[in-house]
Amino acid sequence: MRSISKIELFSVSGDFRRSMEVISQLEFVIMTKDTATVLTELRDVLALPDLEYGTVSSYKGKTKLLIHLEEEQAGFFRKLYTTTGSSEFVQKYDAKISIGKEVNSEVDIFDYFGFEYIIPEMREAGLLPRIHDARFEGSDLFPEDFKGCFHFHTNYSDGSNTLQEMVSAGIAMGYDYFAVCDHSKASFQANGLSEERVFQQKEEISRVADALGVTIFHGIEADILRDGTLDYGDEFLNNFDFVVASIHSRFSQNKEDMTARIIRAVENRHADVLGHPSGRILLERPEFEADFDKIIDACKANDVALEINASAYRLDLDWRRIYRAREIGCKFSINPDAHSTTQLKSVEYGIRIARKGGMDRNEVINCLALDEFRQFIRRK
Ligand SMILES: [Zn+2]
Ligand SMILES: [Zn+2]
C-alpha cells in the first residue's frame, strides 16, 4: 500500500485490527480519488489480476483478502469504524448515518455519537455491559513495559536453544530479568527434568547469569497430575524460585474432576502462575471442560497469576474470560512459552490479547521491576 503513491490513506481493518485470536480474512480500507490507477497497481503488486474493490479475493491461494475503497475522508473513517468492530458492536454503536461534519479520525466518530473512544481491540459486544466501568476504558499495556521474561524452554527439556542463547536473545529484546521454566519430570515426552537434572540446571543458570551479568530465576513448568498435585512433591518444589503449574495430560476428565484438579493445583503454596489455563490449541483442540469462573476465583483467592500464554497457537486465557478475571482483581503473566529464540517474540500476540481485555500494566507481573518481582515470588 505504501508503495502506491495515489493511496492517500490506508489501514488494516477487520478481525486483525480487532486482535481476534483467529482471523478469517485480511481487510484493508483505502482512500484514493484515483480509483482506477490504484486498482491497476494493486492488481500488479499483489499479482491478483481479478482483484476488485469490496470483493473477497484469494491471495496466494490461501489468504482471503478484502479491500474497501473510499474516496472521501469521512467515508474512510466511517468504513474503518464499521469494519473494525464486531457486528454486534457496530449494530449497537450504529454509525451508519452520514456525519455532517469534518471527520479526521475515528475519535471524531465516537465524539459525534456522544460515546467515549474505544480502542479497536475492545470493540466487542461482550464489553458493552462494562463500557461505563473505568477499568474497561482502554489499555495502557505496551511491549516496552515488559521487564521480566518467564516461561520459556531450553534444550534442557524440549527447547531448541541453550539457556545462554535464550537469555541473550531476551536481553536484546530489552528484558531486565528472566525465569526459565523448562518441563518437569512427568512430561517425559518433552524431556522433562529429573530431580538430578534440576540441580545440573541450577549450576548452568548461575554460570549463564554470571557470564551475561543478568538475573535468572530458576523456574519450572510443573505438571498438574490427575489429582491436582504437582509432580515433584512439596518439599522438592522449594528448589525453584518460580512455579508455573500446567496441565499436559488427561484433558478429557469430566468437568467436576477437572475443576477440582486445577483448583487443588492453584491452592498449592508453591504455585505462582496457572499455565495455559484452558489447554486449547486454536483450530485443533478445544478447551477442556472445567468451571473456569471457579478456577479464576481460586486464582484470585490464592494470589496465583493467570497466564496469558502468548503462543499464537494458544492465546490462552481466552480474552472473553479476561474481563471477569480483571473485574475480581486477578493478576496476569503474559508468557511466550518459547521453545526457540525466535518464539520469544510471541509475547507481542499475548499483549494484543491482553489489550483486548483492557488490561493495564499494573495487573501484569512481567511488568514488575526486579525488586518487586522478588517480593512477588516471596509473597507466600
Ligand atoms: Zn505447557
Ligand atoms: Zn511451556
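First, a word on scope: everything that follows refers to the structure included in this document. (Residues numbered from 1 in each chain as written. Chains lettered and ligands numbered in written order. Predicted model: local features only at pLDDT ≥ 70, side-chain atom pairs only at ≥ 80, totals over all residues. Heavy atoms only, no water.)

## A few points about the coordination of the zinc ion (ligand 1)
Glu221 (OE), His248 (NE2) and His276 (NE2) make up the full set of protein donors to the zinc ion (ligand 1), lying at 2.1 Å. Within one chain, the residues donating to the zinc ion (ligand 1) are spaced in sequence as E-x26-H-x27-H. Residue classification places glutamate 221 among the buried positions, given a relative accessible area of 1%. (Donors = N, O, S within 2.8 Å, 3.2 Å for Na, K, Ca; no water. Buried < 20%, exposed > 50% of the residue type's maximum accessible area, 1.4 Å probe, protein only.)

## A closer look at the environment of isoleucine 296
In this structure, isoleucine 296 sits in helix H10 (residues 292-301). For isoleucine 296, a relative accessible area of 2% translates into the label buried. Among all residues touching isoleucine 296, those that are not within four sequence positions of it are Leu306, Arg321, Ala325, Ile328 and Cys330. (Helix = DSSP H or I, 4+ residues; strand = E, 2+ residues; numbered from the N terminus. Contact = heavy atoms within 4.5 Å.)

## Some details on the layout of surface pockets
By volume, the largest pocket amounts to about 350 Å³. Met20, Glu21, Ala312, Leu315 and Tyr349 are the residues nearest the centre of the largest pocket, which is lined by 15 residues in total. Looking at the lining of the largest pocket element by element, the count peaks at four residues for helix H12 (residues 347-356). Within the lining of the largest pocket, the residues separate by chemical class into eleven nonpolar, one polar and three charged. Each of domain 1 (9-129) and domain 2 (143-377) gives at least three residues to the lining of the largest pocket. (1 Å grid on protein atoms, 1.4 Å probe; cavity = no way out; pocket = protein on both sides within 12 Å on 5 of 7 lines; lining within 4 Å. Points joined across faces, edges and corners; volume = space filled by probe spheres on them. Nonpolar A, V, L, I, M, F, W, Y, C, P; charged D, E, K, R; others polar. Domains from an automatic or database assignment.)

## Here's the deal with helix H13 (residues 370-377)
Of the positions making up H13, those classed as buried are Phe373, Phe376 and Ile377. Each buried residue of H13 sits inside an arc of 90 degrees when the element is viewed along its axis, so together they form one side. Where the residues of H13 are buried, they touch strand S5 (148-150), strand S6 (177-183), strand S7 (215-223) and strand S8 (242-246). (Arc of directions from axis to C-beta.)

## A closer look at the environment of serine 13
Tracing the chain through its elements places serine 13 in strand S1 (residues 9-13). As for serine 13 and asparagine 366, which are separated by 353 residues in sequence, their C-alpha atoms are 29 Å apart. Looking at serine 13, its side chain comes within polar contact range of the side chain of threonine 83, at 2.5 Å. (Polar contact = N/O pair within 3.5 Å; in protein donor to acceptor, adjacent residues only side chain to side chain.)

## Here we look at the pattern of salt bridges
Side chains that carry opposite charge are capable of pairing whenever their charged atoms lie near each other. One pass over the structure, following the stated rule, counts 27 salt bridges. Glutamate 204 is paired through a salt bridge with arginine 207; the nearest N and O atoms lie 3.8 Å apart. Of this pair, glutamate 204 and arginine 207 both sit in helix H7 (residues 195-212), three residues apart, roughly one helical turn. Taking the shortest distance from any N to any O, the salt bridge between arginine 379 and aspartate 272 comes out at 2.9 Å. Here arginine 379 is found in the segment after H13, whereas its partner aspartate 272 is found in the loop between helix H9 (255-267) and strand S9 (273-274), with 107 residues between them in sequence. For arginine 379, a relative accessible area of 24% translates into the label partly exposed. Residues joined by salt bridges that share partners form a network here, namely Asp15, Arg18, Glu124 and Lys356. (Salt bridge = Lys/Arg side-chain N within 4 Å of Asp/Glu carboxyl O.)

## Here's the deal with the nonpolar core
If you look at the biggest cluster of nonpolar residues, it comprises 87 residues, and the most contacted ones within it are Phe152 and Ile216. Split by domain, the residues of this core number at least three in each of domain 1 (9-129) and domain 2 (143-377). Ignoring anything within four residues of it in the chain, the contact list for isoleucine 216 reads Leu163, Val167, Phe178, Val180, Ile205, Val208 and Ala209. Membership of the second largest hydrophobic core comes to 13 residues, among which are Phe242, Ile365, Phe376 and Ile377. (Core = buried A, V, L, I, M, F, W, Y, C linked by side-chain atoms within 4.5 Å.)

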